[in-house]
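# Coordinate inspection notes
Given next are the chains, with one letter for each unit.
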Amino acid sequence: MTTVETLLNDPDSAGVWNLVPDRSTIAFKIRNMWGLINVKGRFTDFNGDGQVTGKGAIFGRLDVRTASLRTGIRKRDEHLQSADFFDVERFPEISIVVTAVQPTTGSNADLRATFSIKGVTAAVPLPVRVSVHDDGSVQLSAKTEVHRAQFGLDWNRVGRSGQ
């Protein structure tokens with residue numbers, strides 16, 4: 001097993017690494033209806049890359065097209081893409097920028113990341129698990145919690161954003 005620290009300090013790992021969209025998934029789950037129902041969805045159009053310096057530092061960026069949001073229900077997708085939520089006309093992308101990594105244990109690490117959603121940029125903790133495959137590719141798996149209100153995504157039943 002390759003540890004994150006070993007991978008970061010390996011000169012052979014240095015360089016630009018590109019996200020492969022057909023081998024990647026950006027998904028979300030939101031508790032809705034007073035926390036009784038989970039709404040699941042995904043974004044289908046995104047790209048990104050990262051750079052490993054070979055001396056323990058990383059930098060990266062992921063851009064997600066908000067209009068590519070899919071939940072499986074067209075009317076709900078249209079509402080989520082409207083000005084009530086993501087406002088895809090004014091804010092066509094969500095950007096995630098990674099500026100540092102802190103290896104934790106084994107193949108786990110914490111990334112220093114900022115999310116930019118609807119014109120608001122904020123730091124969001126991004127713990128990841130790193131897997132190195134036999135073909136030399138590297139897989140990052142991350143799961144985090146985003147507080148919707150922080151990014152203006154807190155629409156309520158009355159039809160306006162909460163305060």
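Going by the structure above, here's the rest.
How each quantity is defined
Position numbers for residues count from 1 along each chain, tracking the sequence in the order it is written. Side-chain atom pairs in this predicted model are given and counted only at pLDDT of 80 or more, local residue features only at pLDDT of at least 70, and totals for whole chains, interfaces and linings cover all residues. To obtain the side-chain values, all non-hydrogen atoms of the structure were used and water was disregarded. One side-chain nitrogen of Lys or Arg within 4 Å of one carboxyl oxygen of Asp or Glu is enough to make a salt bridge. The buried label applies to any residue whose accessible area, calculated with a 1.4 Å probe on protein chains only, is under 20% of its type's maximum; exposed applies above 50%, and partly exposed to all values in between. Strands here are runs of E lasting at least two residues and helices are runs of H or I lasting at least four, both read from the DSSP assignment and numbered beginning at the N terminus. As used in this structure description, the phrase polar contact means that two N or O atoms lie within 3.5 Å; if the pair is within protein, one of them must be able to donate a hydrogen and the other to accept it, and residues adjacent in sequence are counted only when both atoms belong to side chains. Pairs of residues are marked as contacts when any of their non-hydrogen atoms sit within 4.5 Å. Paired strands, as defined in this entry, are two strands with at least two bridges between them according to DSSP. Comment: axis = line fitted to C-alpha atoms, over the contacting stretch for helices; angle = value between 0 and 180 degrees taken between N-to-C directions.

Moving on, we get to the pattern of salt bridges. All told, the structure shown has 6 salt bridges when counted by the stated rule. We note a salt bridge from Arg-90 to Asp-87, for which the minimum N-O separation is 3.4 Å. Overall, Arg-90 belongs to the exposed group, its relative accessible area being 61%. For Asp-87, a relative accessible area of 8% puts it in the buried group. What you see here is one network of salt bridges that share partners, running through Asp-45, Arg-65 and Glu-93.

Before going further, it helps to spend a moment on the side chain of Ser-137. You can see Ser-137 is positioned in the loop between strand 9 (120-132) and strand 10 (138-142). With relative accessibility at 17%, the residue Ser-137 sits in the buried group. Looking at Ser-137, its side chain comes within polar contact range of the side chain of Asp-135, at 2.6 Å. In this view, Ser-137 contacts Trp-17, Arg-23, Ser-131 and Val-132; residues no more than four positions away in its chain are not counted.

This part takes up the side chain of Ser-13. Position of Ser-13 among the secondary structure elements: in the loop between helix 1 (4-8) and strand 1 (15-18). Not counting chain neighbours up to four residues away, the residues in contact with Ser-13 comprise Leu-7 and Val-52.

Quick look at the environment of Thr-121 now. Inspection of the secondary structure puts Thr-121 in strand 9. Every residue in contact with Thr-121, bar those within four places of it in the chain, is listed here: Thr-114, Phe-115 and Ser-116. A distance of 2.7 Å separates a polar atom in the side chain of Thr-121 from a polar atom in the side chain of Ser-116.

Taken in spatial order, the 7 strands of this open sheet run 1-4-5-7-8-9-10, and their pairing is antiparallel. Both outer strands of the open sheet, strand 1 and strand 10, are each paired with one neighbouring strand and no more. Taken over all neighbouring pairs, the strand axes of this sheet differ in orientation by 25° on average, direction set aside. Inspection of the sheet shows strand 8 (residues 108-117) paired to strand 9 by 10 bridges, in the antiparallel sense. Looking at strand 9, one finds that Ala-109 is bridged to Val-128.

The analysis is restricted to geometry; functional conclusions fall outside its scope.
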